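Coordinate inspection notes
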Amino acid sequence: MVDYHAANNQPSGGPQTYMEQENDWDRDLLLDPAWEKQQRKTFTAWCNSHLRKAGTQIENIEEDFRDGLKLMLLLEVISGERLPKPERGKMRVHKINNVNKALDFIASKGVKLVSIGAEEIVDGNIKMTLGMIWTIILRFAIQDISVEETSAKEGLLLWCQRKTAPYKNVNVQNFHISWKDGLAFNALIHRHRPDLIDYESLRKDDPVTNLNNAFEVAEKHLDIPKMLDAEDIVNTARPDEKAIMTYVSSFYHAFSGAQKAETAANRICKVLAVNQENEQMMEDYEKLASNLLEWIRRTIPWLEDRTQQKTVNDMQAKQEDFRDYRTVHKPPKVQEKCQLEISFNTLQTKLRLSNRPAFMPSEGRMVSDINSAWHTLEGAEKGYEEWILSEIRRLERLEHLAEKFHQKAAIHESWTNGKEAMLTQKDYETSTLSEVKALLRKHEAFESDLAAHQDRVEQIAAIAQELNELDYYDSASVNNRCQKICDQWDTLGTLTHSRKDSLERTEKQLESIDELYLEYAKRAAPFNNWMEGAMEDLQDMFIVHNIEEIQGLIAAHEQFKSTLPEANKEREAIQAIQAEVQKIAQSNGIKLSGANPYTTITPRSIDDKWEQAMAMVPQRDKALQGELNKQNSNDTLRATFAKQANVVGGYIQAKMEEIGRISIEMNGTLEDQLTHLREYQQTILFFMPEINTLEGYHQHIQEALIFDNQYTSYTMEHLRVGWEQLLTTIARTINEVENQILTRDAKGISQEQLYEYRASFNHFDKSTSGAEKGGRCDHTGSLIAEEFKACLISLGYDVENEKQGDAEFTRIMSIVDPNNSGAVTFQAFIDFMSSETTDKDSADQVIASFKILAGDKNYIMADELRRELPPDQAEYCIARMAPYTGPDGVPGALDYMSFSTALYGESDL
């Protein structure tokens, strides 16, 4: 049995509830004669409006349903379903069985059947019959009415209030008294069909005319049967609520088509607007990514160019170009790269919020591709800088070696000048024995001198070889000069050997020789060679890179000076030999030829070279002291750079840690957090002058050719990367908050919910990203699988370690961690939590909306789109919809189904 009153009085909210509970006064008045008359007339008209579709009708509601046949037919018409075959017998049992089949069908639709039985209907119980028909009306005419998630009755009332709000003298507050003057019925019709009603001609004090006008227009033009007479309503203190609701629901269903079209058009406009905005963002990303990758592609070959230069000045010009690239050309590209990542993240967030597939950039333009290209650029940049510094060192070394080569070659060529002529003369043929012996001794002294010069020739050859190995640009002229020196040296050796043979052949005829001359020559030659070597050392170029190296040269110079007193004694001894020769010659009346026959080294030349060497000593002192001052200055530059670098490095590290804490422990509203982060970003940018100051110090360091710094572990490259990472991190943090704002606004999440999500997320974020700091664990900003499961359990999700719970957790993980990284970010956590409570557009919804605009056709025409949608969005659809190819198509038909599916399918960008 069906309890009519119980069915009407079930509390709202459950799947079997159609109306809110009615009070006892309503139930007591159900059988009031006036109300019963209104219900009988209204319910009969309502039933006939449906039975006419099957070619029949009823005259008496309590009599015509007694056999159950028309009752079953009514249910089939209004439900669109087939009921069990009725029994055609005339006996009471056949009628009861038919009515029970109808009641069973009603119960199968979610109506709790209490107190109404087939016997009461068969017996013509008017109270039970009207209750049953009211239950059917509730279930099939009113239940599906819902406005802003209200119940059926409240939804129908809200719909009436909204539609009649603009009309004067109409104030719909209920389904009885508010309808007595007839203005509300007329307002509903005029709102949807203003061509049918002249509303301004109606008067509130003429309710009968008003009601008759509305009922007649509805019956004639809207196919709504006349369910009540105007007098039934006007002559009743309080019209029957169920009768009025039944009548009004017919108006709602008559006009619901227009409202559905409006709703469908609004939905399509919203979807298309989101899609157009997303497509523009995709195009902007593709353009910016292409430009940045093209700049990287053009820049890398320049950084990989290793064309060698000839001089240090040429390489320093390259270094200046590289510095200009670092300070002028690269910073804007760093900003573009950061903006690209922010745009990509914002686009992906908008796509998720609008239930669109993730944006997949063109091949080679993913953020990872750009990061990879950027990494390659920075690798090339680092290699180019190292190559420039290495080339400068190499060229400095080459210039030093070349100068040293030419200096030694000049000294050697000066020494060999005239030696071939001396070795080829035949002076011994006309000389006396003593002269021949003198010539022989002189030749022995020359051989000694020649042997002493052998080391210099080897040094010249070694330097030439090193210049060749270091790829000196003027190696050809060096090799040519070295070859000439070596060829001449070989010639001198050959001539020396030949002359010695000649002198030895005549030695037998020569007896005496002046031993003093010989001794002088033997001692003067090595001493003279020592002085020449000392002079070469005093003029030798030097290159040092730190204080220790210059101090080593100063110590070696001091050691050399300490040997000068002993060398001066040797010089005085050699001069004493020459003085002794003069003394013996004078005492024995010997006429000297004027020159020592054994050597060309005169006492005057020894004294001159000695004076030259002594003059070079203070010059060498000055040069070494100057270099010491330079190295002290360089050391000061190192310390200055190190001090600033340590400040900058500490600042960057501290700010990176602060940003990490801020991103985890944000307080206040998201807008407050965003403002705070932007102010925090501005304070970081105010630190830029410190970076520029450090760049200035670094430029001085490079100009001074300083390649090491023991006062700091920071390098300029390290600090540049750290600064760029700091700027990128704060920008990403700001972007994350902006995306949270987008998520909150799009999903309708309150600030308190966001706080709750953040608190839950931080509570379970226990893992560490590295070593413990200060005895505490840092938040990582993401949850591993076990932490995320614990968080879900705390929020009430059933994901315990059973088979069903594991399956549910696996499903959730596939949503929040589609890449199987093993970690859930806070943004993914918010997206998941918000998606659990909000509605989403889908392809099926859009297809259903288009189907309404198309009048239930499987295709849509261009003029229908232009009529229902704004011009730009209509043209957008027309340009992208494929022609419809179905068997029911007509020329110009468009396929809205494939278009709607593509909106939620894989992007073609």
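Predicted model, so just to flag it, every value in this text is computed and none were measured. (Residues numbered from 1 in each chain as written. Predicted model: local features only at pLDDT ≥ 70, side-chain atom pairs only at ≥ 80, totals over all residues. Heavy atoms only, no water.)

Let us look at the overall build of the protein. The secondary structure content of the protein amounts to 33 helices and 4 strands. Among the 909 residues that make up the protein, the fraction classed as buried is 46%. At a minimum sequence separation of 6, the contacts of the protein that also span at least 24 residues come to 74%. With an accessible surface of roughly 45200 Å², the protein has 50% of that area assigned to carbon and sulfur atoms. (Helix = DSSP H or I, 4+ residues; strand = E, 2+ residues; numbered from the N terminus. Buried < 20%, exposed > 50% of the residue type's maximum accessible area, 1.4 Å probe, protein only. Contact = heavy atoms within 4.5 Å. Areas by Shrake-Rupley, 256 points an atom, 1.4 Å probe, with all protein chains shown as cover.)

As a further point, take the packing of helix α26 (residues 751-764) against helix α29 (residues 826-835). The contact between α26 and α29 brings their axes to 11 Å, and the two run at 130°. Classified by the angle their axes make, α26 and α29 are oblique. Classified by chirality, the crossing of α29 by α26 is right-handed. Counting all contacts with α26, which are made through Leu-754, Tyr-757, Arg-758 and Phe-761, the residues of α29 involved are Phe-826, Phe-829, Ile-830 and Met-833. (Axes fitted to C-alpha atoms, helices over the stretch in contact; angles between N-to-C directions. Parallel < 35°, antiparallel > 145°, perpendicular 65-115°, else oblique. Left-handed = near helix turned anticlockwise from the far one by under 90°.)

This part is about the pattern of salt bridges. Taken as a whole and assessed by the stated rule, the structure comprises 52 salt bridges. Of the charged contacts in the structure, one is a salt bridge between Glu-63 and Arg-66, with a shortest N-O distance of 2.9 Å. Accessibility expressed as a relative area gives 40% for Glu-63, which makes it partly exposed. Connected via shared salt-bridge partners are Arg-326, Lys-330, Glu-378, Glu-381, Glu-385, Glu-695, Glu-717, Arg-720 and Glu-724. (Salt bridge = Lys/Arg side-chain N within 4 Å of Asp/Glu carboxyl O.)

Another aspect to go through is unusual backbone geometry. Positive phi outside glycine occurs at Asn-820, with the angle close to 55°. Tracing the sequence through the fold places Asn-820 in the loop between α28 (803-816) and β2 (823-825). With a phi angle near 70°, Asp-856 is a residue other than glycine that sits in the positive phi range. Relative to the elements of secondary structure, Asp-856 occurs in the loop between α30 (843-853) and α31 (862-868).

Let us now look at the nonpolar core. With 77 residues, the main nonpolar core has Ile-136, Trp-179 and Phe-185 as its most contacted residues. Broken down by element, the residue count for this core peaks at 12 residues, all from helix α8 (residues 126-142). (Core = buried A, V, L, I, M, F, W, Y, C linked by side-chain atoms within 4.5 Å.)

Here the focus is the packing of aromatic side chains. Scanning the model with the defined rule gives 33 aromatic pairs in all. Taken together, a centroid distance of 5.5 Å and an interplanar angle of 45° make the contact between Tyr-285 and Phe-344 tilted. Separated by 59 residues along the polypeptide, Tyr-285 in helix α13 (residues 241-304) and Phe-344 in helix α14 (residues 312-353) bring together distant segments of the chain. Phe-344 shares its class with Tyr-285; the two are buried. Ring plane angle 25° and centroid distance 5.8 Å describe the contact between Phe-850 and Tyr-896, whose orientation is recorded as stacked. Placement of the pair is Phe-850 in helix α30 and Tyr-896 in helix α33 (residues 896-903), with a sequence separation of 46 residues. Look at Phe-850 and you get buried, because its relative accessible area is 0%. One aromatic cluster in this structure is built from Phe-175, Trp-179, Phe-185, Phe-215, Tyr-247, Phe-251 and Phe-255. (Phe/Tyr/Trp six-rings, centres within 6.5 Å; stacked < 30°, edge-to-face > 60°.)

Turning our eyes to something else, we now look at the UniProt feature "coiled-coil region" (unreviewed entry) in the protein. On the UniProt side, "coiled-coil region" (unreviewed entry) is annotated at positions that read residues 436-470 here. The span residues 436-470 shows a helical share of 97% and a strand share of 0%, and its end C-alpha atoms are spaced 50 Å apart. (UniProt positions renumbered as here; feature names shortened; annotations may be inferred.)

So, on to helix α5 (residues 69-79). Those residues of α5 lying buried are Leu-71, Met-72, Leu-74, Leu-75, Glu-76, Ile-78 and Ser-79. Of the surrounding secondary structure, the elements contacted by the buried residues of α5 are α3 (33-51), α6 (92-108) and α8. At the C-terminal side of α5, Gly-80 shows a positive phi close to 75°.

With that out of the way, let us pick up the packing of α5 against α8. In contact at an axis separation of 11 Å, α5 and α8 are set at 10° when each is read in the N-to-C sense. Considering their axes alone, α5 and α8 lie roughly parallel with respect to each other. The way α5 lies across α8 gives a crossing that is right-handed. Each of Leu-71, Leu-75, Ile-78 and Ser-79 in α5 lies in contact with α8, whose residues at this interface are Met-132, Ile-136 and Phe-140. Of the residues in the contact of α5 with α8, the class split is 6 nonpolar, 1 polar and no charged. (Nonpolar A, V, L, I, M, F, W, Y, C, P; charged D, E, K, R; others polar.)

Another aspect to go through is the environment of Leu-211. Structurally, Leu-211 is set in helix α11 (residues 207-221). Discounting residues that sit within four places of it in the chain, Leu-211 has contacts with Trp-179, Lys-180, Gly-182, Phe-185, Ala-230, Ile-233 and Val-234.

This next bit is on the environment of Leu-754. Within the secondary structure, Leu-754 sits in helix α26. We classify Leu-754 as buried; its relative accessible area is 5%. Put simply, Leu-754 and Met-833 are 79 residues apart on the chain and 9.8 Å apart in space, counted from C-alpha to C-alpha. The residues contacting Leu-754, other than those within four sequence positions of it, are Leu-670, Arg-744, Ile-749 and Ile-830.

Now for the environment of Phe-215. Tracing the backbone shows Phe-215 in helix α11. Here Phe-215 falls in the buried class, since its relative accessible area comes to 0%. Taking the C-alpha atoms as reference points, Phe-215 and Gly-182, 33 residues apart in sequence, are found 9.3 Å from one another. Once residues within four sequence positions are removed from consideration, Phe-215 is found in contact with Phe-185, Lys-226, Leu-228, Asp-229, Ala-230, Ile-233 and Tyr-247.

The next point concerns α26. For an α-helix, 3.6 residues make a turn, and residues three or four places apart therefore share a direction. For α26, built from 14 residues, the straight-helix expectation of 20 Å at 1.5 Å per residue is met to within 8% by its first-to-last C-alpha distance of 20 Å. Taken together, the buried positions of α26 are occupied by Gln-751, Leu-754, Tyr-757, Arg-758, Ser-760, Phe-761, Asn-762 and Phe-764. (Expected span 1.5 Å × (residues − 1).)

Moving on to the side chain of Glu-695. As for its placement among the helices and strands, Glu-695 is situated in helix α24 (residues 688-703). Ignoring any residue separated from it by four or fewer positions in sequence, one finds Glu-695 in contact with Met-716 and Arg-720.

Our focus in this paragraph is the confidence of the model for the protein. Per-residue confidence for the protein gives a mean pLDDT of 81; residues scoring 70 or more make up 88%. Summarising per-element confidence for the protein, the mean pLDDT is lowest in helix α1 (residues 4-8) (35) and highest in strand β3 (residues 882-883) (94). Contacts from residues 1-30, a stretch scored under 50 in pLDDT, to residues over four places away or in other chains number 79 contacts. In the predicted structure, residues 509-513 sits below a pLDDT of 50 and forms 16 contacts with residues beyond four places in sequence or in another chain. (pLDDT = per-residue confidence, 0-100.)

All told, the structure shown has 0 disulfides when counted by the stated rule. Here Cys-482 is not cross-linked by a disulfide; its sulfur's nearest cysteine counterpart is in Cys-486, at 4.1 Å. For Cys-482, a relative accessible area of 9% corresponds to the buried category. (Disulfide = S-S within 2.5 Å.)

In this section: the side chain of Ser-250. Tracing the chain through its elements places Ser-250 in helix α13. Among the residues examined, Ser-250 registers a relative accessible area of 14% and is labelled buried.

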